[in-house]
Amino acid sequence: MQPKEEYSDWSKIPVMLQHRFFELANEEAKRTKIRLSENAKKLEWLRSFIHFKPLPESDDWKDWRIACVDGSDSPVASERVGARFGTCAAGYMIFEGDRFTGEEEYFSGELRHDQIGDSDVTKKMLDLLTTKLERETALLCLKEKNVDIVLIDGSFFGFRARCSEIRDETTGLKEFPLASDLIDYVRGLSIELLESKKAFGIIKRITTAAIDGWIAHKHNGDEENCMNRNDRDVLASLMPEKHWFAYEWLLGSPEAFNYFGRFRTTLKHYPGRSMDVILRECELRLAHDIDSNLNWPVEDIVKASRHFVRCSKDVMPFCLEAHREVDVTSLLGYFQANYNPATGLPFPIDLTDQNVALPRGFTKEFVEEIEAQLIKDPELDKYDLLNHFMRLNPQKEEG
């Protein structure tokens, strides 16, 4: 059998449109060259202020029982005429040092909303449901699996964004009638994990720009020297391999990244005010943001400190989140000894992620299974049933 010939996505669009995009790519390449040249000068100035430390060598981790916990939700919701469906999963794998013990378990969840509802609300609730499964799984490992540490995917409170927008929405979940019930429950689990001082967040995607905020503050509000890049991107240009960085070395305290990360946005609303006044306003805005989204005092949330770790020059640094009172140095030795050269992340995290990730088309097949079970039911009208499960947009295949 002849192998199927592969065509690039570029070649699938009309030739005239291909040429239009070639022109756009050429123009964008010129603009990017200018930006990179300007950034190189700014980075040289910044290099004298940001300091890194070598990753410590330690074998302590060889005696640890380490649980890696991850979760995923359906990349694409299944949109049917009668309802909108989403699925999620979470699981753990336990390692002794770098050896997988064979202990693993996986959990599932699903969410169904009426089609007339807001799809963004459904997406946010599904994200919360996934985080709920992850937090429950992590606490199960701490309480019942006799592990020394738990590595979780993402920030302890990364779920808080946009929670205030859905707090009064109904969920369709029996256990949590209102979204506020689900939010408060996930918040409580997250605080419990953080306070255990045995859980650590591995953050792969970073949007925080605290370094740019620090630059603007240092230049008395002048943003000319800001790089308009997130912190991971900036650090990737400066950090040597086998080194690490903590925000408090630059910003002065473990929680300060929360304030400097919103400094430039706040600055625009207070022209002419002193830098310290604006920084204080950042603290007040963070407290309001946490209160409106999590319904909780800011003091418990900002106990999470952040560090960046780079194991190899060929990959980006990743962000490590931990309780501010925890000494992470022995954990850094574990990262250096057990990183995946392809991602720079601890390989057990990548392995757990691979096992728990739901394929793009999974939710579609999950809904088809529901339909297949119902179609055998003699009490249901087959015509109404087929209408209920008909794809909302028949021109586009799901998944």
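For the structure itself, consult the block above.
We now turn to the structure provided with this report. Note that the structure is predicted; figures quoted are calculated from it, not measured.

The next subject is the overall build of the chain. Each helix and strand counted, the chain has 15 helices and 10 strands in total. Here the chain, with 399 residues, has 47% of them falling under the buried criterion. For the chain, contacts bridging at least 24 residues in sequence account for 72% of all contacts bridging at least 6. Total accessible area on the chain is roughly 21000 Å²; 50% of this is exposed by carbon and sulfur atoms.

Glancing now at a negative patch on the surface. Side chains of Asp-118, Asp-120, Asp-168 and Glu-169 sit close together on the surface and give a patch of like negative charge. Relative to the helices and strands, Asp-120 is located in helix H2 (residues 119–144).

Here the focus is a nonpolar patch on the surface. Nonpolar side chains collect at one region of the surface, where Trp-10, Leu-17, Phe-21, Phe-22 and Leu-24 lie side by side and expose about 490 Å² of accessible area between them. Relative to the elements of secondary structure, Leu-24 occurs in helix H1 (residues 15–47).

A few words now on the pattern of salt bridges. Inspection of every chain in the model, using the stated rule, returns 32 salt bridges. For Asp-353, the salt bridge is made with Lys-204, and the minimal N-O distance between the two is 3.5 Å. Separated by 149 residues along the polypeptide, Asp-353 in helix H13 (residues 347–356) and Lys-204 in the loop between strand E7 (199–203) and helix H5 (210–218) bring together distant segments of the chain. A salt bridge links Lys-268 to Glu-223; its shortest N-O distance comes to 3.4 Å. Of this pair, Lys-268 sits in the loop between helix H9 (263–267) and helix H10 (275–294) while Glu-223 sits in the loop between H5 and helix H6 (231–238), and the two are 45 residues apart along the sequence. Classification of Glu-223 as partly exposed rests on a relative accessible area of 23%.

For the rest of this paragraph, the subject is the packing of H5 against H6. Relative orientation of the contacting elements H5 and H6 amounts to 85 degrees, with a least axis distance of 7 Å. Taken as axis vectors, H5 and H6 run roughly perpendicular relative to one another. In this structure, H5 contributes Ala-210, Ile-211 and Asp-212 to the contact, and H6 contributes Asp-231, Val-234 and Leu-235. Classifying every residue of the contact of H5 with H6 by side-chain character gives four nonpolar, no polar and two charged.

Turning to unusual backbone geometry, a few remarks are in order. The phi dihedral of Lys-197 is positive, around 60 degrees, even though this residue is not glycine. With a relative accessible area of 35%, Lys-197 lands in the partly exposed category. Notably, Lys-242 is not glycine yet its phi reads approximately 60 degrees, a positive angle. Tracing the sequence through the fold places Lys-242 in the loop between H6 and strand E8 (243–246). A relative accessible area of 44% places Lys-242 in the partly exposed class.

Turning our attention to the pairing of strand E10 (residues 318–323). Of all six residues in E10, six are buried, a share of seventy percent or more. With three bridges joining them, E7 and E10 adopt antiparallel strand pairing. Among the inter-strand pairings, Ile-203 is bridged to a residue of E10, identified as Cys-319. Relative to E10, strand E9 (residues 304–310) is paired through six bridges, and the arrangement is antiparallel.

What counts and what doesn't
Residues numbered from 1 in each chain as written. Predicted model: local features only at pLDDT ≥ 70, side-chain atom pairs only at ≥ 80, totals over all residues. Heavy atoms only, no water. Helix = DSSP H or I, 4+ residues; strand = E, 2+ residues; numbered from the N terminus. Buried < 20%, exposed > 50% of the residue type's maximum accessible area, 1.4 Å probe, protein only. Contact = heavy atoms within 4.5 Å. Areas by Shrake-Rupley, 256 points an atom, 1.4 Å probe, with all protein chains shown as cover. Patch = residues over 30% accessible without salt bridge, like charges linked within 9 Å, V, L, I, M, F, W, Y side chains within 5 Å. Salt bridge = Lys/Arg side-chain N within 4 Å of Asp/Glu carboxyl O. Lys, Arg positive; Asp, Glu negative; His and termini not counted. Charge placed at Lys NZ, Arg CZ, Asp CG, Glu CD. Axes fitted to C-alpha atoms, helices over the stretch in contact; angles between N-to-C directions. Parallel < 35°, antiparallel > 145°, perpendicular 65-115°, else oblique. Nonpolar A, V, L, I, M, F, W, Y, C, P; charged D, E, K, R; others polar. Pairing = 2+ DSSP bridges.

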